[in-house]
Amino acid sequence: MPKRVDHEERRTQIAEALIRVAGRRGLHAVGMRDVAAEAGVSLRLVQYYFQTKEKLLFYGLQHLTERFTARVGARLAAAGPAPGPRATIEALLLASLPTDEESRTFHLLYSSYSILSVTDDALAAQPFIDNPDAAENAVAGLIAQAQESGLADPDVDARTEAISLLAMAATMGTSILVGQRDPESAVAVLRHHLDRIFRTGTRSPARDAPPS
């Protein structure tokens, strides 16, 4: 009896191969033939599942985003059953910093995809991410929640601070990636700004934990 093919598992296998190759060579330099070789499957099979390189890249980005979400979830779980607004924001920000191989690949490919989507019509025709404001809305909501509970400065604008924190984390990630600064100094800067927003005594219980 022939073995039943799990199509979602096969797509994931190919997406993982894309991430590995792109992490080594850069997203712009990856072709479908390279991904097929890395996955140990035929080029025809990759084309069967994704038809075009653009569709493969888009699926790879979605898969990468799911992995990032799981990474944030693991940080939150490590912070305890009720981490609070600050620890939740810190988990999100620190998970995005390229402090190990997985997060380095995430930052590199996510940045590369955003740049390619500006110049590639086929990529630009697809939504970059399903809900581009999700992280901003979540962080702004957490800051507002902390303000209502007396845990954050009531005079700061939650939306502006959320935008600033996320932009800062993205820029810090790039500076780590190119060797401008080390992860520890980037984490220190982010925590400095969290200290400014949140009142004394509301720091994350996992404050001294390593950033990876």
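Here is what the cut-offs are and how they apply
- Residues numbered from 1 in each chain as written.
- Predicted model: local features only at pLDDT ≥ 70, side-chain atom pairs only at ≥ 80, totals over all residues.
- Heavy atoms only, no water.
- Core = buried A, V, L, I, M, F, W, Y, C linked by side-chain atoms within 4.5 Å.
- Buried < 20%, exposed > 50% of the residue type's maximum accessible area, 1.4 Å probe, protein only.
- Helix = DSSP H or I, 4+ residues; strand = E, 2+ residues; numbered from the N terminus.
- Contact = heavy atoms within 4.5 Å.
- 1 Å grid on protein atoms, 1.4 Å probe; cavity = no way out; pocket = protein on both sides within 12 Å on 5 of 7 lines; lining within 4 Å.
- Points joined across faces, edges and corners; volume = space filled by probe spheres on them.
- Nonpolar A, V, L, I, M, F, W, Y, C, P; charged D, E, K, R; others polar.

Draft legend 1. Fine view of the nonpolar core. With 55 residues, the main nonpolar core has Val 46, Phe 50, Leu 56, Ile 89, Leu 97, Ile 143 and Leu 165 as its most contacted residues. Per-element accounting of this core gives the leading share, 8 residues, to helix H4 (residues 53-78). The residues touching Leu 56, leaving out its near neighbours within four places in the chain, are Ile 14, Leu 18, Met 32, Val 35, Val 46 and Phe 50.

Draft legend 2. Fine view of empty space enclosed by the protein. Across all of its chains, the model carries 2 cavities of 30 Å³ or more by this definition. Roughly 70 Å³ of volume is contained in the largest cavity. As for the largest cavity, its lining consists of Leu 18, Ile 19, Leu 27, Leu 57, Gly 60, Leu 61, Leu 64, Leu 109 and Tyr 113. Listed by contribution, the elements that provide at least two residues to the lining of the largest cavity are helix H1 (7-25), H4 and helix H6 (101-119). Of all the elements, H4 adds the most residues to the lining of the largest cavity, at 4 residues. Of the residues contributing to the lining of the largest cavity, the split by class is 8 nonpolar, 1 polar and no charged. In this model, the second largest cavity occupies a volume close to 60 Å³.

That is the geometry; function is a separate question.
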